[in-house]
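So you can see what is in the structure, the chains are spelled out below.
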Amino acid sequence: MKAPLTTKQVMRYNRQIVLPQIDIDGQELLASSRVLIIGVGGLGNAAATSLCGSGVGKITLVDEDIVEHTNLPRQTLFDETQVGHSKVAAAKARLSQLNSDCVTVGIEASLQSDNSQLADTHSAEINNDELISEHDIVLDCTDNTQSRDLINRLCYKHGVPLISGAAIRFEGQLFVAKPGESQCYACLRRLFSAPELSCTEAGIFSPVVNIVGTYQALLAMQVLMGVGSVPLNTLLTFDGLQHEWQQWSLPNTMQCDVCGEQNKDTNNTDG
Ligand SMILES: [Zn+2]
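Residues numbered from 1 in each chain as written. Predicted model: local features only at pLDDT ≥ 70, side-chain atom pairs only at ≥ 80, totals over all residues.

## Looking at the sheet that holds strand β5 (residues 162-168)
Here is step 1: In spatial order, the strands read β3-β2-β1-β4-β5-β6-β7-β8; together these 8 strands make up an open sheet with mixed pairing. Only two strands of the sheet have a single neighbouring strand rather than two, namely β3 (103-107) and β8 (244-249). With strand direction ignored, the average angle separating the axes of adjacent strands in the sheet is 15°.
Here is step 2: Relative to strand β2 (residues 58-62), strand β1 (residues 34-38) runs parallel, the two being bridged by 5 bridges. (Pairing = 2+ DSSP bridges. Helix = DSSP H or I, 4+ residues; strand = E, 2+ residues; numbered from the N terminus. Axes fitted to C-alpha atoms, helices over the stretch in contact; angles between N-to-C directions.)

Rendered as structure tokens:
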């Protein structure tokens, strides 16, 4: 499944390949990886830029929004001439210029909610199951808990690792979920059921969302290449005013209807 790199690619990605943890093998793994980015706002922009530049083979972008002036401070794939245009199309065009090795696919739609057959929206049809299962990893770059819950359920259903990011005000959050190996986003949500606020209402400091999105890309590439260790069952938080990263361990639980059954074998260590 891994294709050998060309000489030109070996030269292009040399600064990564010289890292012994990555080497040619790691770079080839990246080149053969398919990444799904759901949400092409601040998080998705930063994550896609890093993943595309680093040499991921395929990136699929999903979003139904158009570029607005208020996006420009954070969403650096877009420029003033693209206001009013599709985010997915604008991001795809920019990423293709950044790295022609990376195949970019744009889907101008949102994931169908569970009851979409009753009240469908204007968005195009997406087959959620096909979309998730044909990727090696999913980055949740959305901004609402309904989408986050749906993406989490789909990732566990299809055994696809999930890198979830969130940013608001000066604060960022990251969570990695690996089906069969770790607790899921629903487990996290049970513990931190914070009231839903959007960046429109609460505000967002632009660099914070860029940091979190780029960190999602870092975690994704670690998982794809099997490099180092990725924090599982752990919420990572970042405070952009006090400059503190913190890790919060999730208590072991068997009661989750999303991941409980899958993790039965890995969680039964007395917890
Ligand atoms: Zn769970």
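Now that the structure is up, let's keep going.
## A closer look at the nonpolar core
Here is step 1: Core analysis: the biggest nonpolar cluster contains 64 residues, and Ile37, Ala48, Ile59, Val138, Leu139 and Ala220 have the highest contact counts within it.
Here is step 2: With 9 residues, the single largest contributor to this core is helix α10 (residues 206-225).
Here is step 3: With residues near it in sequence (within four places) discarded, Leu139 still touches Val35, Leu36, Ile37, Ile38, Ala47, Ile163, Gln216 and Ala220. (Core = buried A, V, L, I, M, F, W, Y, C linked by C-beta atoms within 7 Å. Buried ≥ 20, exposed ≤ 12 C-beta atoms within 10 Å, placed from the backbone. Contact = placed C-beta atoms within 7 Å.)

## Regarding the pairing of strand β7 (residues 234-239)
Every regular strand shows the same layout, with side chains that alternate between the two sheet faces.
Here is step 1: As paired strands, strand β6 (residues 171-177) and β7 are joined by 5 bridges and run antiparallel to one another. Along β7, the bridge assignment pairs Leu174 with Leu236.
Here is step 2: Where β7 meets β8, 6 bridges bridge the pair, whose relative direction is antiparallel. Paired with Asp239 across the bridge in β8 is Glu244.
Here is step 3: Linking two consecutive strands that pair antiparallel, namely β7 and β8, is a turn of 4 residues; a positive phi of about 60° is found at His243 within it.

## Section: the packing of helix α4 (residues 42-54) against helix α5 (residues 87-98)
Angle between the axes and distance between the axes are the two parameters that describe a pair of packed helices.
Here is step 1: Interhelical geometry of α4 versus α5 gives an angle of 25° and a closest axis separation of 9 Å. With respect to each other, α4 and α5 are oriented roughly parallel. The interaxial crossing formed by α4 with α5 has right-handed handedness. Side by side, α4 and α5 meet where Asn45, Ala48, Cys52 and Gly53 of the first sit next to Ala91, Leu95 and Leu98 of the second.
Here is step 2: Grouping the constituent residues of the contact of α4 with α5 by class yields 5 nonpolar, 2 polar and no charged. (Parallel < 35°, antiparallel > 145°, perpendicular 65-115°, else oblique. Left-handed = near helix turned anticlockwise from the far one by under 90°. Nonpolar A, V, L, I, M, F, W, Y, C, P; charged D, E, K, R; others polar.)

## Comments concerning the packing of helix α3 (residues 23-31) against α10
Here is step 1: At a minimum axis separation of 9 Å, α3 and α10 run at an interaxial angle of 110°. Taken together, α3 and α10 sit at an angle that is classed as roughly perpendicular. Here Gly26, Leu29 and Leu30 of α3 come into contact with α10, specifically with Met221, Leu224 and Met225.
Here is step 2: Each residue belonging to the contact of α3 with α10 can be placed in one class, and the counts come to 5 nonpolar, 1 polar and no charged.

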